[in-house]
Amino acid sequence: MPIPPGLEAWQRGPIDGVPPLLMPAAHALVHACEDAERALSSLSTDEIWRRPGGAPSVGFHVRHLGGALDRLLTYARAEQLTAEQRRRVASEGEPETPAPGAPELRSELRAAIERALDQIRGTSEATLLDARGIGRQQIPTTVIGLLFHAAEHAARHAGQALTTARIVRGVGA
């Protein structure tokens, strides 16, 4: 039976290779990707990096979504951040020159989501309660805690990108 158009990711059925207990996180990541891509659609590069009222730009939210996802998944693998990952944190809100437009940001986003989905596919359900530490202070959490926080954090920034895009476009103003 074909899947009707317009369904959200979680309504489309299982994602190949994703362990059942991690399916909600995978669905949330797919949905976040689609929302962030929708936020980028029809915006010029200038609009993507505009900061209405001093709020973070659509570009920041999309870049931060991918960067934070990468960092959180690093901790889920019981690894520490690299110098490059730490450097990227500071640069997520400020575009380089020339500023990346929608095609570049969309490509970065899709790559980050695919890497995350690949890691989720490779995560054994037997490890979900394994202890993990966040950052230099090794704040305690678990593999499942990191994976679900990564998904909800991505969803939060995708939603913020959608709202900021509406403001930049002047929709509803």
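This is a predicted model, so every value here is computed, not measured.

Thresholds applied
Residues numbered from 1 in each chain as written. Predicted model: local features only at pLDDT ≥ 70, side-chain atom pairs only at ≥ 80, totals over all residues. Heavy atoms only, no water. Core = buried A, V, L, I, M, F, W, Y, C linked by side-chain atoms within 4.5 Å. Buried < 20%, exposed > 50% of the residue type's maximum accessible area, 1.4 Å probe, protein only. Helix = DSSP H or I, 4+ residues; strand = E, 2+ residues; numbered from the N terminus. Contact = heavy atoms within 4.5 Å. Pairing = 2+ DSSP bridges. Polar contact = N/O pair within 3.5 Å; in protein donor to acceptor, adjacent residues only side chain to side chain. Axes fitted to C-alpha atoms, helices over the stretch in contact; angles between N-to-C directions. Parallel < 35°, antiparallel > 145°, perpendicular 65-115°, else oblique. Left-handed = near helix turned anticlockwise from the far one by under 90°.

This brings us to the nonpolar core. Leu-29, Val-58, Val-62, Leu-65, Ile-113 and Leu-147 are the most contacted members of the largest nonpolar core, which has 44 residues in total. Put simply, the parts of the chain that give this core at least two residues each are α1 (23–40), α2 (45–49), α3 (58–76), α5 (102–121) and α6 (143–169). Residues contacting Leu-29, with those up to four places away along its chain left out, are Leu-69, Ile-113, Ala-116, Leu-117, Ile-120, Ala-150, Ala-151 and Ala-154.

Quick look at the pairing of strand β1 (residues 131–134) now. As paired elements, β1 and strand β2 (residues 139–142) share four bridges and run antiparallel to each other. Opposite Ala-131, over in β2, you have Thr-142 as the bridge partner. What sits between β1 and β2 in their antiparallel hairpin is a turn of four residues, with Gly-135 showing a positive phi close to 70 degrees.

On to the side chain of Glu-92, then. Residue position: Glu-92 is located in the loop between α4 (83–91) and α5. For Glu-92, a relative accessible area of 1% gives the class buried. Of note is the side chain of Glu-92, whose polar atom sits 2.8 Å from the side chain of Arg-71. Apart from residues lying up to four places away in sequence, Glu-92 is in contact with Trp-49, Gly-59, Phe-60, Arg-63, His-64, Gly-67, Ala-68 and Arg-71.

Time to look at the packing of α1 against α6. The contact between α1 and α6 brings their axes to 8 Å, and the two run at 20 degrees. Taken together, α1 and α6 sit at an angle that is classed as roughly parallel. Both α1 and α6 take part in a crossing whose hand is left-handed. Contact residues: α1 offers Pro-24, Ala-25, Ala-28, Leu-29, Ala-32, Asp-35, Ala-36, Arg-38, Ala-39 and Leu-40, while α6 offers Leu-147, Phe-148, Ala-150, Ala-151, Ala-154, Ala-155, Ala-158, Ala-161, Leu-162, Ala-165 and Arg-169.

By the element assignment, Ala-150 lies in helix α6. Note: C-alpha distance between Ala-150 and Ala-116 (34 residues apart in sequence) is 9.2 Å. Sequence-distant contacts of Ala-150, defined by excluding residues within four places in its chain, comprise Leu-29, Leu-69 and Leu-72.

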